[in-house]
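Survey of secondary and tertiary structure
What follows is each chain in one-letter form.
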Amino acid sequence: MLNINIHEAKAKLSEYLAAVEAGETVQICRRNVPVAQIVPLPQARKEPRPVGLGPYEEGYEIPDSFFEPLPDELLKAFNGELPDPFLDEFAPQESLPKAAEPPIGYPK
């Protein structure tokens with residue numbers, strides 16, 4: 001790791017960027033106190049990222065349990081039929097009128 005002061009970084013920035021490109025880390029200091037680091041970026045992939053097996057590739061299997069129905073409790077949770085344990089403590093104590101309902105006591 002190279003430690004340099006701000007004045008030196010300004011004067012020789014292109015040299016230090018060349019060092020960073022070569023894999024070196026440059027630490028910039030103000031009055032010998034580190035304030036920033038210049039580090040090399042990770043290299044971009046040369047080949048496409050591998051993706052998992054698709055349904056038409058050899059070795060791809062969907063287990064039979066995938067097609068089994070979900071448990072009733074889980075279905076109720078997905079359908080909003082069970083109280084949300086994370087939101088119960090934040091629920092208002094009194095029911096608020098909906099936007100389309102006139103306030104209580106308001107003449108119709």
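As the structure is a prediction and not an experimental result, all values here were calculated from the model.

Criteria and thresholds
- Residues numbered from 1 in each chain as written.
- Predicted model: local features only at pLDDT ≥ 70, side-chain atom pairs only at ≥ 80, totals over all residues.
- Heavy atoms only, no water.
- Helix = DSSP H or I, 4+ residues; strand = E, 2+ residues; numbered from the N terminus.
- Buried < 20%, exposed > 50% of the residue type's maximum accessible area, 1.4 Å probe, protein only.
- Contact = heavy atoms within 4.5 Å.
- Areas by Shrake-Rupley, 256 points an atom, 1.4 Å probe, with all protein chains shown as cover.
- Pairing = 2+ DSSP bridges.
- Axes fitted to C-alpha atoms, helices over the stretch in contact; angles between N-to-C directions.
- Core = buried A, V, L, I, M, F, W, Y, C linked by side-chain atoms within 4.5 Å.

Looking at the overall build of the chain
Summing up its helical and strand segments, the chain has three helices and three strands in all. Beginning at the N terminus, the succession of helices and strands in the chain can be written as β-α-α-β-β-α. Out of the 108 residues in the chain, the part that is buried amounts to 9%. Of the contacts made within the chain by residues no fewer than 6 positions apart, 24% connect residues no fewer than 24 positions apart. Summing over all exposed atoms, the chain offers an accessible surface of approximately 10500 Å²; the carbon and sulfur share of this is 57%.

Remarks on the side chain of Gln 27
Mapping Gln 27 onto the fold places it in strand 2 (residues 26-30). Apart from residues lying up to four places away in sequence, Gln 27 is in contact with Met 1, Leu 2, Asn 3, Ile 4, Pro 34, Ala 36 and Gln 37.

Some points on the environment of Ile 4
Positionally, Ile 4 belongs in strand 1 (residues 2-5). Residues Ile 4 and Asn 32, spaced 28 residues apart in sequence, show a C-alpha to C-alpha distance of 8.0 Å. Apart from residues no more than four positions distant in its own chain, Ile 4 is found in contact with Ala 9, Tyr 16, Val 26, Gln 27, Ile 28 and Cys 29.

Some remarks on the sheet that holds strand 2
Taken together, the three strands give an open sheet; going across it, the order is 1-2-3, and neighbouring strands pair in mixed fashion. Pairing within the sheet leaves two strands with one partner each, and these edge strands are strand 1 and strand 3 (33-38). Ignoring strand direction, the axes of neighbouring strands in this sheet form an average angle of 30 degrees. Of the strand pairs in this sheet, strand 2 and strand 3 are connected by five bridges, and their pairing is antiparallel.

Some thoughts on the nonpolar core
By size, the foremost hydrophobic cluster in this structure holds six residues: Ile 4, Ala 9, Tyr 16, Val 20, Val 26 and Ile 28. Those elements that place two or more of their residues in this core are helix 2 (13-21) and strand 2. Among residues more than four places away in sequence, those in contact with Val 26 are Leu 2, Ile 4, Tyr 16, Val 20, Ala 36, Gln 37 and Ile 38.

Any functional reading would require information that these geometric values do not contain.
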